[in-house]
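Summary of the model geometry
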Amino acid sequence: MKGQKRVLLLVAFAGAVWVGHPAVALLAGAAGSLILAPALPPYIERAGKLCLQAAIVLLGFTLNVQALWQTSRDYAGTILIFVAATLVAGLVIGRLVRADEDQARLLSTGTAICGGTAIATLAPIIRARPESVAIAIGMVFLLNAVAIVLLPWLGHALEMTEDQFGVWVAMAIHDTSSVVGAAAIFGDRALEVATTVKLLRTLLLVPIALAAGILVRQSHAKLRIPGFLVLFVAASAVGSVLEPPVAFTSGVKAASHFLLVAALFGIGMEIRRTTVKSLNGRAILLGVLLWLLVLPTTWLVAMSW
């Protein structure tokens with residue numbers, strides 16, 4: 001039976017890669033996980049994350065470092081205000097709906113900064129219970145799945161430019177994987193803007209984690225800042241200096257897209273039956289209400305830029 005499940009998953013993966021659409025890959029992976037519930041070795045999950053990181057680093061070769069710096073400088077203040085406001089709003093909504101305190105902190109931080117990465121970083125600092133961590137990550141995964149399907153369609157319906165859409169998804173979507181996936185569906189320029197703004201937003205995890213460590217008097221808090229951020233910037237610098245030929249750039253973009261599709265299939269498989277069963281009404285209400293507040297607010301910011 002295990003062999004049959006793995007064969008079916010391989011067929012689903014091959015189909016997703018052949019279609020080449022990030023949303024299809026994410027949904028195919030989620031469907032395979034929920035329907036088949038396969039027992040997969042831990043390295044499968046790790047492989048998906050490595051594919052995503054490699055896709056982002058390769059994308060760096062196609063971006064000019066000066067443009068990268070310009071985008072970061074232009075949006076730094078906006079991102080800082082967004083993160084602070086989202087954290088406050090999440091904690092307030094959590095109080096209003098009487099959500100579990102740990103879950104409110106984790107969901108607020110995940111929505112404000114970088115989804116599962118932020119939750120995994122903050123959890124040991126505030127000594128969150130394992131069930132609270134599972135619920136927060138599960139909620140983020142489900143909202144990411146909705147976002148990667150819904151937001152590109154909304155972007156076209158609202159006649160957004162690629163720059164506007166890139167800024168919107170970089171602020172409105174929780175995890176880097178889904179930000180990159182949604183932006184890739186919309187266009188190359190949207191992907192460039194979204195990746196830069198999202199990685200800038202991710203960097204704010206450093207001061208937030210340090211502040212949380214000070215508040216709970218845990219100065220030895222372990223930070224989990226993705227190392228591929230440095231490689232992404234380095235790749236951009238190398239690409240800007242060497243100015244590779246068009247054929248090389250096209251090949252890098254194709255490889256990056258393939259890795260992204262593979263990564264999203266793997267990330268979709270992280271949405272398991274236990275993930276869905278672990279959710280409770282207050283956590284769902286908090287996550288959805290906060291996201292429904294973030295979506296129109298960040299859209300207005302993106303449209304006014």
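Residues numbered from 1 in each chain as written. Predicted model: local features only at pLDDT ≥ 70, side-chain atom pairs only at ≥ 80, totals over all residues. Heavy atoms only, no water.

Quick notes on the packing of helix H6 (residues 115-126) against helix H7 (residues 130-157)
Where H6 meets H7, the closest approach of the two axes is 9 Å, and the angle between their N-to-C directions is 170 degrees. Taken together, the axis directions place H6 and H7 in an arrangement best described as roughly antiparallel. Here H6 and H7 pass one another in a crossing that is right-handed. For the pair formed by H6 and H7, the contact residues are Gly-115, Gly-116, Ile-119 and Ala-123 on the first element and Val-133, Ala-136, Ile-137 and Val-140 on the second. (Axes fitted to C-alpha atoms, helices over the stretch in contact; angles between N-to-C directions. Helix = DSSP H or I, 4+ residues; strand = E, 2+ residues; numbered from the N terminus. Parallel < 35°, antiparallel > 145°, perpendicular 65-115°, else oblique. Left-handed = near helix turned anticlockwise from the far one by under 90°. Contact = heavy atoms within 4.5 Å.)

What about helix H8 (residues 162-172)?
Within H8, nine of the 11 residues are buried, leaving the element largely enclosed by the surrounding structure. Among the residues of H8, Gln-164, Phe-165, Gly-166, Val-167, Trp-168, Val-169, Ala-170, Met-171 and Ala-172 are the ones counted as buried. Next to the buried residues of H8 lie helix H4 (65-96), H7, helix H9 (176-186), helix H10 (188-203) and helix H15 (281-303). (Buried < 20%, exposed > 50% of the residue type's maximum accessible area, 1.4 Å probe, protein only.)

Some points on a nonpolar patch on the surface
Together, Trp-18, Val-19 and Val-24 make up an exposed nonpolar region whose accessible area comes to about 360 Å². If you trace the backbone, Val-24 turns up in helix H2 (residues 22-36). (Patch = residues over 30% accessible without salt bridge, like charges linked within 9 Å, V, L, I, M, F, W, Y side chains within 5 Å. Areas by Shrake-Rupley, 256 points an atom, 1.4 Å probe, with all protein chains shown as cover. Salt bridge = Lys/Arg side-chain N within 4 Å of Asp/Glu carboxyl O.)

What to know about H7
Helix length check: H7 (28 residues) gives 40 Å between terminal C-alpha atoms against 40 Å at 1.5 Å per residue, within 8%. Of all the bends found along H7, the most pronounced is centred on Ala-147 and spans about 35 degrees. (Expected span 1.5 Å × (residues − 1). Bend = angle between axes of the 7 residues up to and from the residue.)

A word on the pattern of salt bridges
Counted according to the given criterion, the structure contains five salt bridges. A salt bridge links Asp-102 to Arg-129, with the shortest nitrogen-to-oxygen separation between them at 3.5 Å. Here Arg-129 lies in the loop between H6 and H7 and Asp-102 lies in helix H5 (residues 101-112), a separation of 27 residues in the sequence. Overall, the relative accessible area of 35% leaves Arg-129 in the partly exposed class. A salt bridge links Asp-163 to Arg-189; the nearest nitrogen and oxygen atoms lie 2.9 Å apart. Residue Asp-163 is found in helix H8, and its partner Arg-189 is found in helix H10; the two are separated by 26 residues along the sequence.

Examining empty space enclosed by the protein
Per the stated rule, a full pass over the model turns up one cavity of 30 Å³ or more. Here the largest cavity is characterised by a volume of approximately 50 Å³. Lining the largest cavity are Leu-26, Phe-141, Asn-144, Ala-145, Asp-175, Ser-177, Ser-178, Ile-267 and Ile-271. For the lining of the largest cavity, the secondary-structure elements that each account for two or more residues are H7 and H9. Sorting elements by how many residues they give to the lining of the largest cavity places H7 first, with three residues. Grouping the constituent residues of the lining of the largest cavity by class yields five nonpolar, three polar and one charged. (1 Å grid on protein atoms, 1.4 Å probe; cavity = no way out; pocket = protein on both sides within 12 Å on 5 of 7 lines; lining within 4 Å. Points joined across faces, edges and corners; volume = space filled by probe spheres on them. Nonpolar A, V, L, I, M, F, W, Y, C, P; charged D, E, K, R; others polar.)

Topic: the packing of H8 against H9
At a closest axis distance of 9 Å, the pairing of H8 and H9 adopts a crossing angle of 165 degrees. Looking at the two axes, H8 sits roughly antiparallel to H9. The element H8 and its partner H9 pack so that their crossing is right-handed. For the pair H8 and H9, the contacting residues are Glu-162, Phe-165, Val-169 and Ala-170 in the first and Val-179, Ala-182, Ala-183 and Phe-186 in the second.

Here's the deal with the packing of aromatic side chains
Under the counting rule described, the total for this entry stands at three aromatic pairs. Judged by centre distance (5.3 Å) and plane angle (70 degrees), the rings of Phe-13 and Phe-265 are edge-to-face. Taken together, the residues Phe-13 in helix H1 (residues 2-19) and Phe-265 in helix H13 (residues 246-268) connect sequence positions 252 residues apart. Accessibility expressed as a relative area gives 28% for Phe-13, which makes it partly exposed. Look at Phe-265 and you get buried, because its relative accessible area is 5%. Taken together, the ring pairs in this structure connect Phe-165, Trp-168 and Phe-186 into an aromatic cluster. (Phe/Tyr/Trp six-rings, centres within 6.5 Å; stacked < 30°, edge-to-face > 60°.)

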